[in-house]
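Coordinate inspection notes
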Amino acid sequence: MIEFHPVTKHIGAEVTGVDLRKPLSPEEVATLREGWLKHLVLFFRDQNIDDEQHLQFALNFGSLNHPAFKKDADSPIHVLDQTSPKGEGGDEWHSDNTFEPTPPMGSLLRCVQLPSVGGDTCWANTYLAYETLSPSLQRLCDELTAVHDITMSMKKAISKGHPFDLAEIQAKWPPIERPVVRVHAETGRKALFVNRASTTRLVGLSDRENEALLPFLIDHIRSPEFQLRLRWRPGTLAFWDNRPTQHYAVADYTERRRMHRVTINAFPEHADA
């Protein structure tokens, strides 16, 4: 029987009673989806699965998303293989690819190889980030939109030696405006939707107002009571909802860390209106 064991009061649960090597029944998929929507991030331990099993599990919950900067366009698996991660972009609180017209709904990240110490990942509950704002600030945020722009993260990647053409990338993904408060398509709950990696300014506010409010909202999401921290083990798979969470890859290692990821889009019935 599938069971959920909360990791913290507000976010995350470890799942037992399921073997990801085997196809899931419709009832198992429904149970896992319900738990995922409730806990926002699910952790499956000791799942010694291959890439094909990883992919088939993911496709129970959404359609395949092709990451923006994946090197191997033919493979559905995005391999994150790093020994020097600091400044690569994962070590900032973010939701994935909010600069895209339709950001991915979720990701399923599997641990393949770890350094001897370090390489944890943190997640934050952005429902709670919104809900703990004062009612007055909630009302202001409800009315605001923000610009999301790929430029900041690309400049960092280029400075780390990645051979990207900044002008080409900016033309492909021009800045886009999004609501500061996102309403979840399935739960109806509101979540704070700005992040340090991509959000550049609040629309309609002066420079001085932006200098005060945007950093506050971004830093508010980092409050420890909204967070969890996962210590990976080989065979651990994390499945998170990209809509009401942010995550942070702790860049505290210099040995090889290899992770395999499948990213998914929402099925039409679960997509934003």
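One structure accompanies this document, and this report is about it. (Residues numbered from 1 in each chain as written. Predicted model: local features only at pLDDT ≥ 70, side-chain atom pairs only at ≥ 80, totals over all residues. Heavy atoms only, no water.)

1. Description of the sheet that holds strand E8 (residues 145–148)
- An order of E9-E8-E12 is seen for the three strands of this open sheet, with the pairing classed as antiparallel. Of all strands in the sheet, those with a lone pairing partner are strand E9 (176–179) and strand E12 (199–202), marking the two edges. Within this sheet the neighbouring strands show an average axis-to-axis angle of 35°, counted without direction.
- As paired elements, E8 and E12 share three bridges and run antiparallel to each other. Considered in E12, the bridge of His148 is made with Thr199. (Pairing = 2+ DSSP bridges. Helix = DSSP H or I, 4+ residues; strand = E, 2+ residues; numbered from the N terminus. Axes fitted to C-alpha atoms, helices over the stretch in contact; angles between N-to-C directions.)

2. Some points on the pattern of salt bridges
- Considering all chains together, one arrives at 15 salt bridges under this definition.
- With its nearest N and O atoms 3.1 Å apart, the salt bridge here joins Arg110 to Asp51. Taken as a pair, Arg110 in strand E6 (residues 106–113) and Asp51 in helix H2 (residues 51–58) lie far apart in primary sequence, 59 residues in all.
- Judged by relative accessible area, Arg110 falls into the buried class, the value being 7%. (Salt bridge = Lys/Arg side-chain N within 4 Å of Asp/Glu carboxyl O. Buried < 20%, exposed > 50% of the residue type's maximum accessible area, 1.4 Å probe, protein only.)

3. What to know about the packing of aromatic side chains
- The full count for this structure, using the stated rule, is 10 aromatic pairs.
- Pairing Phe57 with Phe61 gives two aromatic rings, centres 5.3 Å apart and planes at 75°, and the pair type is edge-to-face.
- Its relative accessible area of 3% is what places Phe57 among the buried residues.
- Connected via pairs of aromatic rings, a cluster forms that spans Trp36, Phe44, Phe57, Phe61 and Phe239.
- Here the basic side chain of Arg182 rests over the ring of Phe193, its NZ or CZ set 4.8 Å away from the ring centre.
- Directly above the ring of Tyr127 sits Arg189, whose terminal nitrogen or CZ lies 4.0 Å from the centroid. (Phe/Tyr/Trp six-rings, centres within 6.5 Å; stacked < 30°, edge-to-face > 60°. Lys NZ or Arg CZ within 6 Å of the ring centre and 35° of its normal.)

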